[in-house]
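# Structural overview for review
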Amino acid sequence: MKGISMVSDQFFSRLEGLLTKITQNLGYLLWDILVVALILLLAKVALELVSRLTSSAMKRKAYHVNEYQGKRVDTMMTLLRSIARYMIYFTALLLILQQFGLGKPMENLLMTAGIGSLAIGFGAQNLVKDVVTGFFMMFENQFSVGDYIKTEDSEGTVTATAMRVTYLRSLKGDQIIVPNGSITRVINYTRSSYVAAITVSTAYEADTRQVLHVIDQAVQAYAKEHEDLVIEPPFVQGITNFGDSSVDIGVICKVQPMKQWEVERGMRLAIKELFDELGVEFPYPHMVTVPYTPASTAPLDLVDNKPEEELPAPEWADIDEELGDDAEENNE
């Protein structure tokens, strides 16, 4: 009980001292809180200003003379917005620490640098890798905002680029956040040649020359109906492969940017409809069934009535008889 009383006295003594200190320095404390609120307000205003300036630059027509320049400007503005956000947060934190007497800004900066070095040594390599890789991707112009790209695990349209991550939007509308350090291989569909390519499987039994003519009719008719999507008429390459059960025929067509998938679907549908109209069959697996006929066997009654054959006596039986005769002679 005496120990508990001592702990209680110490606690309330400390609490009383804290309340007395707050009462004596209430004006300074309110001033510090006011300054911190002002710092946070200024940080919010700075963030809003950066967001408006970058958004205005991304919408300005003077910076979007052509598609390439527009995407480049959008990419740099989203990256600048990300860098400015980190810098504003960091500066606000240093000022708040200084206001509460936790060191000067330069001292805090040096302390943060030291802590950052330790963090890098103990496991923040991925963070540094993400930031460095992001800078290299931006400066090398591997992709821009608005490009449709594919990485190792994700694909979609680039909506924004930041210091550490890249934001993608999939065809389903899902937002995908990809760490820059994990991007080692990128396929940029927007900057590649826009070619729609399909493979049509036909039966071995069909007349291939006639089938080639039918496919050409179907894709040329589709191209005339969709001149807004097609840049050059489709070209039937001919036989591209002999499959296990099909003769594969390739078709390619140069199309407008990002319209290759739509044109591929349209050409497949046009070919299918014309094949159905002309009675041309597509190859598919066939199964042949053969009735099972069991082998002829002898009737069971004949097997049961078959006479039993006498088995030959084993060799050791003769040996036993000879040993028995010799024993009898010795006894006599």
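Since we're looking at a predicted model, the values are computed, not measured. (Residues numbered from 1 in each chain as written. Predicted model: local features only at pLDDT ≥ 70, side-chain atom pairs only at ≥ 80, totals over all residues. Heavy atoms only, no water.)

### Digging into the overall build of the protein chain
- A count of helical and extended segments in the protein chain gives nine helices and eight strands.
- Considering the protein chain as a whole, with its 332 residues, one finds that 27% of them fall into the buried category.
- Intrachain contacts of the protein chain at a sequence separation of at least 6 include 59% that bridge at least 24 residues.
- Summed over all atoms, the accessible surface of the protein chain reaches about 24,000 Å², with 60% contributed by carbon and sulfur. (Helix = DSSP H or I, 4+ residues; strand = E, 2+ residues; numbered from the N terminus. Buried < 20%, exposed > 50% of the residue type's maximum accessible area, 1.4 Å probe, protein only. Contact = heavy atoms within 4.5 Å. Areas by Shrake-Rupley, 256 points an atom, 1.4 Å probe, with all protein chains shown as cover.)

### Description of the side chain of Gln 260
- Secondary-structure assignment places Gln 260 in helix α7 (residues 260-278).
- A polar contact is formed between the side chain of Gln 260 and the backbone nitrogen of Met 258, at a distance of 3.3 Å.
- Leaving out residues up to four positions away in the same chain, Gln 260 has contacts with Tyr 189, Tyr 194, Val 195, Ala 196 and Val 255. (Polar contact = N/O pair within 3.5 Å; in protein donor to acceptor, adjacent residues only side chain to side chain.)

### Some details on the sheet that holds strand β5 (residues 187-188)
- Taken together, the five strands give an open sheet; going across it, the order is β4-β3-β2-β1-β5, and neighbouring strands pair in antiparallel fashion. A single partner strand is all that each edge strand has here, and the edge strands are β4 (175-179) and β5.
- The pairing of strand β3 (residues 165-169) with β4 spans five bridges and is classified as antiparallel. Of the residues in β4, the one forming a bridge with Arg 169 is Gln 175. (Pairing = 2+ DSSP bridges.)

### Things to note about the nonpolar core
- Ile 215, Val 219, Val 251, Val 263, Met 267, Ile 271 and Phe 275 are the most contacted members of the largest nonpolar core, which has 24 residues in total.
- Here the element with the most residues in this core is helix α6 (residues 208-225); it accounts for seven residues.
- With 12 residues, the next largest nonpolar core counts Leu 79, Val 131, Met 138 and Val 158 among its residues. (Core = buried A, V, L, I, M, F, W, Y, C linked by side-chain atoms within 4.5 Å.)

### Topic: the packing of α6 against α7
- α7 packs onto α6 with a crossing angle of 130° between their chain directions and a minimal axis gap of 9 Å. Taken together, the axes of α6 and α7 are oblique relative to one another. Remark: the crossing between α6 and α7 carries right-handed chirality. Counting all contacts with α6, which are made through Val 211, Val 214, Ile 215, Gln 217, Ala 218, Val 219 and Tyr 222, the residues of α7 involved are Glu 262, Val 263, Gly 266, Met 267, Ala 270, Ile 271, Leu 274, Phe 275 and Leu 278. (Axes fitted to C-alpha atoms, helices over the stretch in contact; angles between N-to-C directions. Parallel < 35°, antiparallel > 145°, perpendicular 65-115°, else oblique. Left-handed = near helix turned anticlockwise from the far one by under 90°.)

### Examining the packing of aromatic side chains
- Across all of its chains, the model carries five aromatic pairs by this definition.
- Their ring planes at 55° and their centres at 5.8 Å tell us that Tyr 148 and Tyr 189 sit as a pair that is tilted. Pair noted here: Tyr 148 is in strand β1 (residues 148-150) and Tyr 189 is in the loop between β5 and β6 (195-202), with a separation of 41 residues, a long-range link.
- Members of the aromatic cluster, each reached through a chain of ring pairs, are Tyr 148, Tyr 189 and Trp 261. (Phe/Tyr/Trp six-rings, centres within 6.5 Å; stacked < 30°, edge-to-face > 60°.)

### Some thoughts on a nonpolar patch on the surface
- There is a patch of nonpolar side chains on the surface, built from Phe 11, Phe 12, Leu 15, Leu 18, Leu 19, Ile 22, Leu 26, Leu 29, Leu 30, Ile 33 and Phe 100 and spanning about 1,000 Å² of accessible area.
- Counting residues per element, the ones that place at least two in the nonpolar patch are α1 (2-24) and α2 (26-59).
- Looking at which element gives the most residues to the nonpolar patch, the answer is α1, with six residues.
- Residue placement: Phe 100 occurs in the loop between α3 (67-99) and α4 (105-122). (Patch = residues over 30% accessible without salt bridge, like charges linked within 9 Å, V, L, I, M, F, W, Y side chains within 5 Å. Salt bridge = Lys/Arg side-chain N within 4 Å of Asp/Glu carboxyl O.)

### Describing the pattern of salt bridges
- Tallying each qualifying case throughout the model produces two salt bridges.
- The closest approach of N and O atoms between Arg 52 and Glu 48, which form a salt bridge, is 3.3 Å. With Arg 52 and Glu 48 both in helix α2 and four residues apart, the pair spans about one turn of that helix.
- Here Glu 48 falls in the partly exposed class, since its relative accessible area comes to 42%.
- In this structure, the salt-bridge partner of Lys 272 is Asp 276, at a minimum N-O distance of 2.6 Å. Of this pair, Lys 272 and Asp 276 both sit in helix α7, four residues apart, which is roughly one turn of the helix.
- With relative accessibility at 48%, the residue Asp 276 sits in the partly exposed group.

### Let's talk about α2
- Taking 1.5 Å as the rise per residue, α2 with 34 residues should run 50 Å; its terminal C-alpha atoms sit 49 Å apart, in good agreement.
- Those residues of α2 that sit buried are Asp 32, Val 35, Val 36, Ile 39, Ala 43, Val 50, Thr 54 and Ala 57. (Expected span 1.5 Å × (residues − 1).)

### Examining the pairing of strand β8 (residues 247-254)
- The buried fraction of β8 amounts to six of the eight residues, a majority that puts the element mostly inside the structure.
- Inspection of the sheet shows β6 paired to β8 by eight bridges, in the antiparallel sense. Bridged to Thr 202 within β8 is Val 247.
- Inspection of the sheet shows strand β7 (residues 235-242) paired to β8 by six bridges, in the antiparallel sense. Its bridge partner being in β8, Gly 238 is matched across the sheet by Gly 250.
- Between β7 and β8, which pair antiparallel one after the other, the connecting turn spans four residues.

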